[in-house]
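# Secondary and tertiary structure notes
One letter stands for each residue in the lines below.
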Protein chains: 2
Amino acid sequence: MAEKSIKKRANLRDVAKASGVSVATVSRVLNTPELVTETTRQAVQAAIEALHFVPSAAARSINSGRSHVIGALVPTLDNAIFSRFLGALEAKLSAHGLSLVVATTDGDPDIEAQKAQRLINIGAEALIVSGITHSPEFDQLITRTRIPTVATSFYEADYRYPTIGYDNAAASRKALEFLIGKGHQDIAVFHGPTEHHDRMRARLSGLHGQGELHTYETEITLAGAGKAIDALFQSSPHITAILCLSDVLALGALFGLQRRNIQVPNDISLIGIDDLPSSASAFPSITTIHLPAFEMGIRTADAVANWVERQIIPEPHLIDTTLIVRQST
Amino acid sequence: MAEKSIKKRANLRDVAKASGVSVATVSRVLNTPELVTETTRQAVQAAIEALHFVPSAAARSINSGRSHVIGALVPTLDNAIFSRFLGALEAKLSAHGLSLVVATTDGDPDIEAQKAQRLINIGAEALIVSGITHSPEFDQLITRTRIPTVATSFYEADYRYPTIGYDNAAASRKALEFLIGKGHQDIAVFHGPTEHHDRMRARLSGLHGQGELHTYETEITLAGAGKAIDALFQSSPHITAILCLSDVLALGALFGLQRRNIQVPNDISLIGIDDLPSSASAFPSITTIHLPAFEMGIRTADAVANWVERQIIPEPHLIDTTLIVRQST
DNA sequence: ATCAAGCATGTAACTAGTTTCATTGATGTG
DNA sequence: CACATCAATGAAACTAGTTACATGCTTGAT
């Protein structure tokens, strides 16, 4: 009395048997229906419906050698700059017929290596990572498996993986020079954690040799910026401008200053880096360095698609950043 | 002279041949190394290294019947509420040994159906969708393939898929009642597009029968809220409070009001829904209805993991929302 | 010394598709 | 009427793993 509903998913053979044709014909109905007679096609389709047949993705990709899956490793989804990047990436990959698996690393190179392994285990055809700080395990994994890998958010011509990103040091330098050009001399710098965080370090390094700066490290959240404001006013309240190495910090700083009833830009000028939508809409709107995260997503998607589809290894690509002057300076 | 480097990826048979053992032994080295002698294990490992052997994910999952991939369909990544949800979802799924494929739908049910098909094609074991508005094609797809599917951001006990989410109508009602309780009578409502957007519609429906409201539809961005503020001041500038059916709109409205030099909460009170980090940090901080997107992500991950791993179909789950009173009211 | 037990390993049959090559039958042409 | 051509289909050999079962060998107990 073994009910046939107890049986698991129907496969090609089941459909073939049910419709009285060979497995080859069923396969043709699915992939090249124009090679099959109308009559048999309908019979096979009927059997497919009746048996609730769904072709196995695994069996297909074992033959094609393709999974159509791309893996992306990002520190977090909680920062709008990564969301924008991933949004563009997903949209363009999808246009190329590829799907995006997202893994977050919390900025930890060890977690990155683990999750990279998992992405490879599920059959990802290529990996996309953020920045250039990676664990030796990660690098070994990429070398061993030879999986196509692109590093983003960072530009370095001769890096071990092709990079698609901006010059983080130049971006922060651009911001600092703008402030100095405006006559500011006492400048505070708000930045995020530097451990494992190459982009933040690069942005900090872009500020070297430009006179003395008061730096404050905090987590990259609105609340973190608020704490930095508190710390700032306990130590050197004589500054005239704050350079935030992330727009999240800039917006948080703006709120923190407003809370203390300090006028921006009259009392203190404020500049950020990223150009998140919030910087354009805030009041006062926030001067910032535009990082084209959207464009980076599109370009990365194209580069990866060309790599996995046509074996074209992408050239490193430097994406321009531009100063957007708004009301906060 | 056919170079062996021309040959493609090594497989189990190649490794077996190179190390002089059978394929079964190689498989054991990979999966149950304790069953293999130290000596042979090392020989096999050496061959694996030499040949750059990477096991095929497809071949593995054809045997196990598992892909360890879960697909999520969200309208956009550009709204922090979805980023938070996905962040929590990914983290918890990862703890269950599952990977997350993200597909964005732009809120379009047809795109959703297409992308759902693609997720199934790549072998996703389950789908997670937002809301309860889906195209007939989508529903047919789910019925036909019988793929485990969970609907989030929405609670409805008897929906065709298990839902894990909040009562959107109750959330907005809670916000409105709070304003009314505070004595407000002339209230504007800012909301996002309602087409295909069940959550927004539900939130609007929660406001019915509570007196006359001035509603303004705009896109859910900071800039969109700015436009709504403009529209508001062209029509009914006598309102005393604005109820925003999304915190993004609330923050945008705050900026818009500040730009017009209108004091919040003295001139106009402001309340939102979502409780994004920005609402807590803004100045003035914004009263809102807390939607536990993070908790929703965790719960959804657990539900889906139990479904695909132990065939336990999740019960619909209503997640509580809470009013967070801050400075803007 | 003999037999059972147990470990390490191999053989071959699975998993579920695609694809090549062969076969069949119908049609068209000389 | 004979033969070539072509469309539709099938048989079987692939893709790359896992695993049930069989085998050979070593070891320990009687």
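The notes below deal with the structure included here.

The rules behind each value
- Residues numbered from 1 in each chain as written.
- Chains lettered and ligands numbered in written order.
- Predicted model: local features only at pLDDT ≥ 70, side-chain atom pairs only at ≥ 80, totals over all residues.
- Heavy atoms only, no water.
- Near = heavy atom within 4 Å.
- Polar contact = N/O pair within 3.5 Å; in protein donor to acceptor, adjacent residues only side chain to side chain.
- Helix = DSSP H or I, 4+ residues; strand = E, 2+ residues; numbered from the N terminus.
- Nonpolar A, V, L, I, M, F, W, Y, C, P; charged D, E, K, R; others polar.
- Salt bridge = Lys/Arg side-chain N within 4 Å of Asp/Glu carboxyl O.
- Buried < 20%, exposed > 50% of the residue type's maximum accessible area, 1.4 Å probe, protein only.
- Axes fitted to C-alpha atoms, helices over the stretch in contact; angles between N-to-C directions.
- Parallel < 35°, antiparallel > 145°, perpendicular 65-115°, else oblique.
- Contact = heavy atoms within 4.5 Å.
- Least-squares fit on C-alpha atoms with pLDDT ≥ 70 in both.
- Phe/Tyr/Trp six-rings, centres within 6.5 Å; stacked < 30°, edge-to-face > 60°.

Turning next to the protein's contact with DNA strand C. Within the structure, DNA strand C sits among 27 residues, and Leu12, Arg13 and Ser27 of chain A together with Thr25 and Arg28 of chain B are positioned closest to it. For DNA strand C, the fraction of atoms within 4 Å of the protein that belong to sugar or phosphate moieties is 59%. Take Arg60 of chain A: an N or O atom from its side chain is 3.1 Å from a phosphate oxygen of DNA strand C. Contact between DNA strand C and Thr37 of chain B: a sugar or linking oxygen at 2.7 Å from a side-chain N or O atom of the residue. When contributions to the surface near DNA strand C are tallied by element, the ones reaching two or more residues are helix H1 (12-19), helix H2 (23-31) and helix H4 (57-64) of chain A together with helix H2 (23-31) and helix H4 (57-64) of chain B. Within the surface near DNA strand C, the residues separate by chemical class into twelve nonpolar, eleven polar and four charged.

Time to look at the pattern of salt bridges. Opposite charge on two side chains permits them to pair, given that their charged atoms come into close proximity. Considering all chains together, one arrives at 26 salt bridges over all chains under this definition. Among the salt bridges present, the one from Lys115 of chain A reaches Glu90 of chain B, with a minimum N-O distance of 2.9 Å. Placement of Lys115 of chain A in helix H6 (residues 109-121) and of Glu90 of chain B in helix H5 (residues 80-95) is noted, with the two residues assigned to different chains. Note that Arg160 of chain B and Asp139 of chain B form a salt bridge whose closest N and O atoms lie 3.2 Å from each other. Pair noted here: Arg160 of chain B is in the loop between strand S4 (149-152) and strand S5 (163-165) and Asp139 of chain B is in helix H7 (residues 136-145), with a separation of 21 residues, a long-range link. Judged by its relative accessible area of 11%, Asp139 of chain B is buried. One network of salt bridges, in which partners are shared, links Arg66, Glu125 and Glu309 of chain A.

Before going further, it helps to examine the packing of helix H6 (residues 109-121) of chain B against H7 of chain B. Residue and element names in this part refer to chain B. It is at 8 Å that the axes of H6 and H7 come closest, and there the two elements cross at 25°. Relative to H7, the element H6 is oriented roughly parallel. Of H7, the residues touching H6 (which contributes Asp110, Glu112, Ala113, Ala116, Gln117 and Ile120) are Glu137, Phe138, Leu141, Arg144 and Thr145. For the contact of H6 with H7, the per-class residue count stands at five nonpolar, two polar and four charged.

Another point: the relation of the copies chain A and chain B. Mapping chain A onto chain B calls for a rotation angle of 180° and an axial translation of 0.0 Å; the resulting RMSD is 0.1 Å. Seen this way, the second copy is the image of the first under a two-fold rotation axis. Interface residue correspondence from chain A to chain B reaches 100%, placing this contact among same-surface, isologous pairings.

Take the environment of Leu179 of chain B next. Residue and element names in this part refer to chain B. Mapping Leu179 onto the fold places it in helix H8 (residues 168-181). In this structure Leu179 comes out as buried when scored by relative accessible area, which is 0%. Discounting chain neighbours no more than four positions away, the residues touching Leu179 are His184, Ile187, Ala241, Leu243, Ile271 and Thr329.

A few words now on the protein's contact with DNA strand D. Not every one of the 27 residues close to DNA strand D is listed here, only the nearest: Thr25 and Arg28 of chain A together with Arg13, Ser27 and Asn63 of chain B. The sugar-phosphate share of atoms of DNA strand D within 4 Å of the protein amounts to 59%. Here a sugar or linking oxygen of DNA strand D and a side-chain polar atom of Thr37 of chain A are 2.8 Å apart. Asn63 of chain A is positioned such that a nitrogen or oxygen atom in its side chain is 3.2 Å from a base oxygen of DNA strand D. Breaking the surface near DNA strand D down by element, the ones donating at least two residues are H2 and H4 of chain A together with helix H1 (12-19), H2 and H4 of chain B.

Glancing now at helix H9 (residues 198-205) of chain B. Residues and elements named next belong to chain B. The buried count for H9 comes to six of eight residues, which makes it a mostly enclosed element. Residues of H9 that are buried include every one of Asp198, Arg199, Met200, Ala202, Arg203 and Leu204, and no others. At its buried positions, H9 is contacted by H5, strand S3 (126-130), H8, strand S6 (187-191), strand S7 (214-217) and strand S9 (269-274).

With that out of the way, let us pick up the packing of aromatic side chains. Residues and elements named next belong to chain A. Per the counting criterion, the structure on display carries seven aromatic pairs over all chains. Taking the centre distance of 6.2 Å and the plane angle of 90° together, the rings of Phe138 and Tyr161 count as edge-to-face. Placement of Phe138 in helix H7 (residues 136-145) and of Tyr161 in the loop between strand S4 (149-152) and strand S5 (163-165) is noted, with a sequence separation of 23 residues between them. No difference in accessibility class separates Phe138 from Tyr161, as the two residues are buried. Where Phe190 meets Tyr216, the ring centres are 5.7 Å apart and the plane angle is 75°; that geometry is what we call edge-to-face. One end of the pair, Phe190, is in strand S6 (residues 187-191); the other, Tyr216, is in strand S7 (residues 214-217), and 26 residues separate them in sequence. In textbook terms, an aromatic cluster arises when at least three aromatic residues are bridged by ring pairs, as seen for Phe138, Tyr159 and Tyr161.

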